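# Results of the structural survey
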Amino acid sequence: MKMKLFQFCLFMVVALVYSCGLDSHLPREGTINYQINYLSDRKSNPIISYLPETMKVYFKDNKTVTEIQGYMGFFSLKYYTNAKRHVNCSYLRILDKQYIYLAPTDELAYGFDNM
């Protein structure tokens, strides 16, 4: 009985170590597309028609770029994050004006709140 228990425990430890070490099934790079939904509808608030409808996140090698573009490209908001260099950069473009905000990676990107 003790031998079977020992074999079972040994099998579980080996299986656990082996499964934790395999992360090849996770993508190393890619794109995630999000649909943005607003709490009010376009009829009650016509300004929503000019707000972004999608958000794209690109990732590769511990770097991410989050991109939101407004109506007809009048404005865009991009977040660049490089975890290796501990850099978090927010880039806002409104018509011909450009604004940049640099922050460490442990801070939230500019414009985002905790959930």
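Residues numbered from 1 in each chain as written. Predicted model: local features only at pLDDT ≥ 70, side-chain atom pairs only at ≥ 80, totals over all residues. Heavy atoms only, no water.

## A short note on the overall build of the protein
Counting its secondary structure elements, the protein contains 1 helix and 6 strands. Helices and strands in the protein line up, N terminus first, as α-β-β-β-β-β-β. For the protein, buried positions account for 16% of its 115 residues. (Helix = DSSP H or I, 4+ residues; strand = E, 2+ residues; numbered from the N terminus. Buried < 20%, exposed > 50% of the residue type's maximum accessible area, 1.4 Å probe, protein only.)

## Points about the side chain of Thr66
Note that Thr66 resides in strand β3 (residues 63-69). The exposure class of Thr66 is buried, given its relative accessible area of 13%. Those residues in contact with Thr66 that lie beyond four places of it in its chain are Met55, Lys56, Val57, Leu77, Lys78 and Tyr79. (Contact = heavy atoms within 4.5 Å.)

## Side note on the sheet that holds strand β2 (residues 54-60)
Here we have 6 strands laid out as an open sheet, ordered β1-β2-β3-β4-β5-β6, and antiparallel in their pairing. Pairing within the sheet leaves two strands with one partner each, and these edge strands are β1 (29-35) and β6 (97-103). When strand polarity is set aside, the average angle formed by the axes of neighbouring strands in this sheet is 15 degrees. (Pairing = 2+ DSSP bridges. Axes fitted to C-alpha atoms, helices over the stretch in contact; angles between N-to-C directions.)

## A few points about the environment of Thr64
Looking at where Thr64 falls in the secondary structure, it is placed in strand β3. C-alpha of Thr64 to C-alpha of Asn88: the two residues are 24 residues apart in sequence and 9.6 Å apart in space. Among residues more than four places away in sequence, those in contact with Thr64 are Tyr58, Phe59, Tyr79, Tyr80 and Thr81.

## Some points on the pattern of salt bridges
In the structure shown here, the tally under the stated rule is 2 salt bridges. Between Arg42 and Glu53 there is a salt bridge, with its nearest N and O atoms 2.5 Å apart. With Arg42 in the loop between β1 and β2 and Glu53 in the loop between β1 and β2, this residue pair connects regions lying 11 residues apart in the sequence. When its relative accessible area of 38% is taken as the criterion, Glu53 is described as partly exposed. (Salt bridge = Lys/Arg side-chain N within 4 Å of Asp/Glu carboxyl O.)

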